[in-house]
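Structural features, examined
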Amino acid sequence: MSETNVFFPVLFRDIPPREAVSALLDWYRASARELPWRTQITPYRVWISEIMLQQTRVEAVKPYFHRFLEALPDIPSLADVDDARLLKLWEGLGYYSRARNLKKAANVLMEQYGGELPADVQKLKKLPGIGSYTAGAIASIAFGIPAPAVDGNVLRVLARLTGCDADILRPQTRAAAEQAALQLCPADTPGDFTQGMIELGATVCVPNGEAKCSVCPFSPWCVAAREGMVDRLPVRSAKAPRRVEDRTVLLLREGDRYLIRRRPPKGLLAGLYELPNELGTLNREEAIAFARKNGFQPLRTEHLSPATHIFTHVEWHMTAYLMTGYFSETETEGEERIMASREELSAVYAVPSAFSAYLKAILELETP
Ligand code: ADE
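We now turn to the structure provided with this report. Please read all numbers here as calculations on a predicted model, not as lab measurements.

Moving on, we come to helix 10 (residues 132–143). Structurally, the α-helix is built with 3.6 residues per turn, so residues lying three or four positions apart point the same way. Under the 1.5 Å per step criterion, the end-to-end length of helix 10 is 16 Å for 12 residues, consistent within 8% with the ideal 16 Å. Counting buried positions along helix 10 yields 10 of 12 residues, so the element is predominantly enclosed. Among the structural elements, helix 4 (43–53), helix 9 (121–125) and helix 13 (190–203) are those in contact with the buried residues of helix 10. Glycine 144 occupies a position one or two residues after helix 10 and carries a positive phi of about 65°.

Quick look at the structure:
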């Protein structure tokens, strides 16, 4: 018995019978949403969709998925794409390391697997950006291999179905959930099982007191429904609160161009372009001094409305100034600075969504 099995009987003990799986499959085939990665299934499409869907809602992913597949229709084109174009295709989806890992993995696939995704869970898991969930999803959906694909939604379904009240943030709970999912996964239609669990978690067995138990195919077997625990499961230990960071953003305009700079190659939003910004809430005089330090002479300064952006671990509370003037110096300590036109800001440079309120302001400004 493997080590993870030791936890299995304790955590997910009330595994339902085969009929429950059949009920899920019938429900999925009758009621699932038609989604672009479901109507035409290829390993590449499943991979790209699963990576995009990791942190992003289905509706938000759809247009990105189409655009990405059109621009980069296969593994060779993804392996070859230049970084700026890749990040531009990803702009707005956030969590840019996902895009960088896609390209890295495509290069490994070109070098080691003849440009194809391997039909093997362990090999998939070794690729950059592919963890246990994604490997299981690709293996089961694209290759028909019985493999568990347990993300947060599926974990919620399993915790409720089996009445598991262990902390789902513990790795042992996740491992046990994978065992339970594998035990339930039918050998002949693993892909529909994976998609069915995902669909149920996304549309029926939902969080925040909104679960629709009356239409759930699992309800005859669901321990949480029977014992009135749906809204108490799954159990999750309290997360550390997000850090709040005040920032001041500068929109420095000379003629019809705006200054952007490249973020450092490591850390939050690495390598992307940004509007110059500084920690803290600067008043007008301090903001002007900061602009001058950056080689900019403002002639007119306007205070803009505040904006907020929420990352996983940090929250930016931003204030901003629009300054019109001219650059007295073009070089500042080797930093890559670019004067971008509005067209370039929307079509060429990948600027993270954190700045989107101010980018929008730029795009809406009148031409001088
Ligand atoms: N979320 C993660 N994977 C998904 C999928 N294949 N379909 C819909 N939502 C998902």
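On we go from here.
Moving on, we get to the packing of helix 11 (residues 152–162) against helix 12 (residues 171–184). Contact pair helix 11 / helix 12: the axes reach a minimum separation of 10 Å and the direction vectors enclose 80°. The pairing of helix 11 with helix 12 is recorded here as roughly perpendicular in orientation. From helix 11, Leu155, Leu158 and Leu161 reach across to helix 12, where they touch Arg174, Ala177, Ala181 and Leu184. Its residues assigned to classes, the contact of helix 11 with helix 12 comprises 6 nonpolar, no polar and 1 charged.

With that out of the way, let us pick up unusual backbone geometry. Of the consecutive residues leucine 233 and proline 234, the connecting peptide bond is found in the cis state with omega at 0°. Relative to the elements of secondary structure, proline 234 occurs in the loop between helix 14 (223–226) and strand 1 (243–254). Its identity as a non-glycine residue notwithstanding, tyrosine 95 has a phi of 45°, on the positive side. Mapped onto the elements, tyrosine 95 comes out in the loop between helix 7 (83–90) and helix 8 (97–112).

Turning our attention to helix 2 (residues 18–31). Taking 1.5 Å as the rise per residue, helix 2 with 14 residues should run 20 Å; its terminal C-alpha atoms sit 20 Å apart, in good agreement. Within the sequence span of helix 2, burial applies to Ala20, Val21, Leu24, Leu25, Trp27 and Tyr28. Projection of helix 2 onto a plane perpendicular to its axis shows the buried side chains occupying an angular sector of 165°, all on one side. Across from the buried face of helix 2, at angles greater than 90 degrees, the exposed residues are Glu19, Asp26 and Ala30. Next to the buried residues of helix 2 lie helix 3 (36–39), helix 12 and helix 13.

Mapped onto the secondary structure, valine 235 falls in the loop between helix 14 and strand 1. With a relative accessible area of 30%, valine 235 lands in the partly exposed category. C-alpha of valine 235 to C-alpha of isoleucine 168: the two residues are 67 residues apart in sequence and 6.1 Å apart in space. Look past the residues within four positions of valine 235 in its chain and what remains in contact with it is Asp165, Ala166, Asp167 and Ile168.

The rules we used
Residues numbered from 1 in each chain as written. Predicted model: local features only at pLDDT ≥ 70, side-chain atom pairs only at ≥ 80, totals over all residues. Heavy atoms only, no water. Helix = DSSP H or I, 4+ residues; strand = E, 2+ residues; numbered from the N terminus. Expected span 1.5 Å × (residues − 1). Buried < 20%, exposed > 50% of the residue type's maximum accessible area, 1.4 Å probe, protein only. Contact = heavy atoms within 4.5 Å. Axes fitted to C-alpha atoms, helices over the stretch in contact; angles between N-to-C directions. Parallel < 35°, antiparallel > 145°, perpendicular 65-115°, else oblique. Nonpolar A, V, L, I, M, F, W, Y, C, P; charged D, E, K, R; others polar. Arc of directions from axis to C-beta.

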